[in-house]
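Below are the chains, spelled out letter by letter.
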Amino acid sequence: MKRFLIAILLLMVAFIATKAQLRYQCQGAPEVEVTVVSGGVMVDIDGASSAIMLYPQGFLSCYMYYIGNGISALFTSDLTSMLLSVGGSTYQYVLVSAAPSSPGFNYPPSPVYPGTYDNAPSEADRAYYRNEIRQLRYKIRDAERSLRMYERNMRRNPSITSSQLVQSQRRLIDTYYERLYWLESQLY
């Protein structure tokens, strides 16, 4: 329930602040500008001609995880720090400047009691992740079965439409596997 409320709060803030720009820096890494938009974040690496859209994948305690087009980003809830994985390399960025319309997801700090580890997933979280993994494996199995059927149809009757259908199904399967790997990483 807590995660659901946090997700709703984040979506509301994202809708209110449709264009909040944040500039991040890391020594020896490309300069990054992040724009918070409704439905995700746009990442502009070293002033590239087009920004990359990242979509939310999950929230864990005080972290937000986004992924898209082979790039993943892990933000702290107040957006002051970011881990960015690009092409097999991971960089740790810190916030340098923010536009005045920045949402600044500032939550009151959660109390940490002696002997507890704040970022360890609870049993309820683990049960949720296991359930999601189980459902995702069914989706992967069904998507792979559909892919085989689409490939058979393409061999019998090759066309641009059938080729696009096969490519789309492969991208869907890749997306499912990325999500599966992320969910499995949350269990440990």
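This text follows the structure it describes.
Here we summarise the structure given alongside this text. Just so you know, these numbers come straight off a predicted model, no measurement behind them. Note on numbering: residues in each chain are counted from 1, in written sequence order. Selection of residues for local features in this predicted model requires a pLDDT of at least 70, selection of side-chain atom pairs for listing and counting requires 80 or more, and totals for whole chains, interfaces and linings are taken over all residues. Calculated side-chain values reflect all of the structure's heavy atoms, with hydrogen atoms and water omitted.

**Looking at the nonpolar core**
One broad rule of soluble globular proteins: the nonpolar side chains tend to lie buried together. If you look at the biggest cluster of nonpolar residues, it comprises 19 residues, and the most contacted ones within it are Y24, V32, V34, V41, F75, M82 and L84. We call two residues in contact whenever any of their non-hydrogen atoms come within 4.5 Å of each other. Among all residues touching V32, those that are not within four sequence positions of it are L22, R23, Y24, V43, D44, I45, M82, L84 and Y93. By nonpolar core is meant a set of buried Ala, Val, Leu, Ile, Met, Phe, Trp, Tyr and Cys residues that side-chain atoms within 4.5 Å join together. We call a residue buried when its accessible area falls under 20% of the maximum for its residue type, exposed when it is over 50%, and partly exposed in between, using a 1.4 Å probe and counting protein chains only. Counting 15 residues, the second largest nonpolar core, distinct from the first, contains L136, I173, L180 and L183.

**Let's talk about the packing of helix α2 (residues 123-156) against helix α3 (residues 160-186)**
At a closest axis distance of 9 Å, the pairing of α2 and α3 adopts a crossing angle of 160°. The angle between α2 and α3 places the two elements in the roughly antiparallel class. Note on packing geometry: the crossing formed by α2 with α3 is left-handed. Ten residue types, Ala, Val, Leu, Ile, Met, Phe, Trp, Tyr, Cys and Pro, are classed as nonpolar, four, Asp, Glu, Lys and Arg, as charged, and the remainder, Gly among them, as polar. For the contact of α2 with α3, a count of residues per class yields 17 nonpolar, five polar and eight charged. Between N-to-C directions, angles cover 0 to 180 degrees, with each direction set by a line fitted to C-alpha atoms, over the stretch in contact for helices. The helix count covers DSSP runs of H or I at least four residues long, the strand count covers runs of E at least two residues long, and both are numbered beginning at the N terminus. Angle categories: roughly parallel below 35 degrees, roughly antiparallel above 145, roughly perpendicular from 65 to 115, and oblique for all the rest. We call a crossing left-handed when the near helix sits turned anticlockwise from the far one by less than a right angle, and right-handed when that turn is clockwise.

**Some thoughts on the pairing of strand β2 (residues 32-37)**
Most of β2 is tucked away, with six of its six residues classed as buried. Of the two faces of β2, the one lined by V32, V34 and V36 and the one lined by E33, T35 and V37 are each fully buried. Inspection of the sheet shows β2 paired to strand β3 (residues 40-45) by six bridges, in the antiparallel sense. The residue of β3 that forms the bridge with E33 is D44. Here the rule is simple: two strands pair whenever DSSP picks up at least two bridges between them.

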